[in-house]
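Structural features, examined
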Amino acid sequence: MREVATACRAVLYLRLSRDDDNPGESESIQNQRSLLQGYAAQHGFAIVGEYVDDGWSGTRFDRPRFQAMLRDMEQHRFEVVLVKDLSRLGRDYIQTGRYLELVFPEHGVRLIAVGDGIDTARSDTDLAPFRNVINEMYARDTSRKIRSALHVKMQAGKFIGNFAPYGYQKDTADKNHLIPDERAAAIVRQIFAWAAAGRRPTEIARLLNARREPPPAVYRCWQHPELDADRYSKRKQWTSVGVSRILQDVVYLGHIAQGKTDRISFKSKKTREKPAKEWIIVPNCHMPLVCQQTFDAAQRQRAARRCERKGAFANLFSGLAFCMDCGKAMSTVGTRRKDSIANLACGAYKLRGTSACSNHFISYESLYRCVLEAVRQYVCLSEQDCGALFERLQHRLRLDERGREADRERERLTQEHKQVQRLIAQLYEDRAAGKIGDTNFYPLLEQYEHKTAALQHQMDALPSADGDKALRRQQERLRSIIRQYTDVAELTPSLLFELIERIEVGQGTYEKTDKGRVKRQKIVIYFRFLPEPYEADWIQ
């Protein structure tokens, strides 16, 4: 005699997450379906519906098909829910117990977990809460193992994000490795160039919007049509916040910074920000988009205090001028001279007085005239002078940043290639020693050979090691800059960024001369394209 009337309407609930997809278990959706259909036929249930959540964790109860089942339950469309076991219903013992003991009974619905032998229509379900606890312990242990595995990957410099950062794409040969996305990479380089030249994030965002460049969120949705752009970006425009986020991200230097957030609990979707000292940062993991020099210049400009009020004084040397003795940035201070806008002084002296450093006072106008004279002397050159300068810079230009980036990437790929070759050799040794059979040998061998071919393809795509092409590009860049500034009338932020790396100001001394008392001060200017700095014994 059957336990239930044949008129009972039943539905099947099937769930499978990545954590459950184990070849050693019979957890597949098809296996669950076959088991439950057989049980329903054996006990005379009429199957009136099926709800499948494929790829959803049991710790979450906002699963779309589970919620649809609850809505149908409220409409009294069935009397029985069949699941393979209680872990299919959920792995949170509190929530699972609430559905078993409150929600389902309140709606007159009977739940049967076939594999666990649990039927809420019977009174012998005392073990159900313990099974729920065990299921949650399994979920907690799985979560811990996943976090540990991801932590190991992060420490190895493997990118584990769902989507590559703007400017990059995932390598098709290795999803944990980033390669440049040339269209977006060009925008990233432009953003850093603008920032290093003194443009603010708000201005950069305005320029990008005027050019109708898609912001990162929209660009990502273009690359992945399955994503909804409205969900990821409401304004669909560049913002100062988005630009600032790019400017401070070390991923564009070729480094990987991960582990910036963590979850409060494996049951919760909420995340919390971790302090920067707890991030996992691995250097030189992929091809950088900007050099360290440009990145640092952009950070200096962002940190510099600027005033945009109409008619207000703007210090052109902010982020460029430093104290020659202590290395602190030169800071603006007031002046009593009527013919002077401001003085510059050592930042350490301004903050802590003579206990930190001496004043290194210099009038803004004196430094301006000194730098302008140096620029005119070193940059306003004839074509003949340019040729002589190129000869002096041959050795320096061969060390251009692009060449160094390619060399670093080539070295990384070479080491990885050697490691794969060692794994292949070890694989053959294990097979010869009988440690591994053909069933595992050939799939592993094919995997390693594919990896070897992908690495070789990446190395072949790198620029030639001789650097001749890079040298010619650098020479042409220098030539264009020199031609651009053949007749410099005044200093501008973009000119200073293009030409000057750093200015150092020494402590001034006073001397008596026939013309009266004068101030003598040493100023050293480091040009980007000159092997030796410009030194001036400046008299004021």
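One structure accompanies this document, and this report is about it. (Residues numbered from 1 in each chain as written. Predicted model: local features only at pLDDT ≥ 70, side-chain atom pairs only at ≥ 80, totals over all residues. Heavy atoms only, no water.)

1. Focus on the overall build of the chain
Counting its regular elements, the chain contains 19 helices and 19 strands. Residue burial in the chain is summarised as follows: out of 540 residues, 43% are buried. Accessible surface, the chain: about 30500 Å² in total, of which carbon and sulfur atoms supply 49%. (Helix = DSSP H or I, 4+ residues; strand = E, 2+ residues; numbered from the N terminus. Buried < 20%, exposed > 50% of the residue type's maximum accessible area, 1.4 Å probe, protein only. Areas by Shrake-Rupley, 256 points an atom, 1.4 Å probe, with all protein chains shown as cover.)

2. Observations regarding the packing of helix H7 (residues 201–210) against helix H10 (residues 240–247)
In the contact formed by H7 and H10, the axes pass within 8 Å of each other and the chain directions differ by 110 degrees. By the angle between their directions, the pair H7 and H10 is classed as roughly perpendicular. Contact residues: Pro-201, Thr-202, Ile-204 and Ala-205 in H7; Ser-240, Val-243, Ser-244 and Leu-247 in H10. (Axes fitted to C-alpha atoms, helices over the stretch in contact; angles between N-to-C directions. Parallel < 35°, antiparallel > 145°, perpendicular 65-115°, else oblique. Contact = heavy atoms within 4.5 Å.)

3. A word on the sheet that holds strand S5 (residues 118–119)
With mixed pairing, 5 strands are arranged side by side in an open sheet as S2-S1-S3-S4-S5. The strands lining the two open edges of the sheet, one partner per strand, are strand S2 (46–54) and S5. Relative to strand S3 (residues 80–83), strand S1 (residues 9–16) is paired through 3 bridges, and the arrangement is parallel. Paired with Val-11 across the bridge in S3 is Val-81. Strands S1, S2 and S3 of the sheet are contacted by helix H2 (residues 64–74), whose axis makes an angle of about 150 degrees with S2. (Pairing = 2+ DSSP bridges.)

4. A closer look at helix H1 (residues 29–43)
The end-to-end C-alpha distance of H1, which contains 15 residues, comes to 21 Å, matching closely the 21 Å that a straight helix rising 1.5 Å per residue would cover. Residues of H1 that are buried: Ile-29, Gln-32, Arg-33, Leu-36, Tyr-39, Ala-40 and His-43. Taken around the axis of H1, the buried residues stretch over an arc of 135 degrees, which confines them to a single face. When the buried face of H1 is taken as reference, the exposed residues oriented beyond 90 degrees from it are Ala-41 and Gln-42. Against S1, S2, S3, helix H3 (86–89) and strand S4 (110–113) lie the buried residues of H1. Phi for Gly-44, located one or two positions after H1, is positive at around 75 degrees. (Expected span 1.5 Å × (residues − 1). Arc of directions from axis to C-beta.)

5. A closer look at helix H6 (residues 182–196)
Between its first and last C-alpha atoms H6 spans 21 Å; for 15 residues at 1.5 Å apiece the expected length is 21 Å, and the two agree. Those residues of H6 that fall on the buried side of the exposure criterion are Ala-184, Ala-185, Ile-187, Val-188, Ile-191, Phe-192, Trp-194, Ala-195 and Ala-196. Downstream of H6 by a residue or two, Gly-198 has a phi angle that is positive, lying close to 105 degrees.

6. Digging into the environment of Gln-75
Turning to its location among the elements, Gln-75 is positioned in the loop between H2 and S3. Classification of Gln-75 by relative accessible area gives exposed; the value is 53%. Here the alpha-carbon distance between Gln-75 and His-107, two residues 32 residues apart in the chain, equals 9.4 Å.

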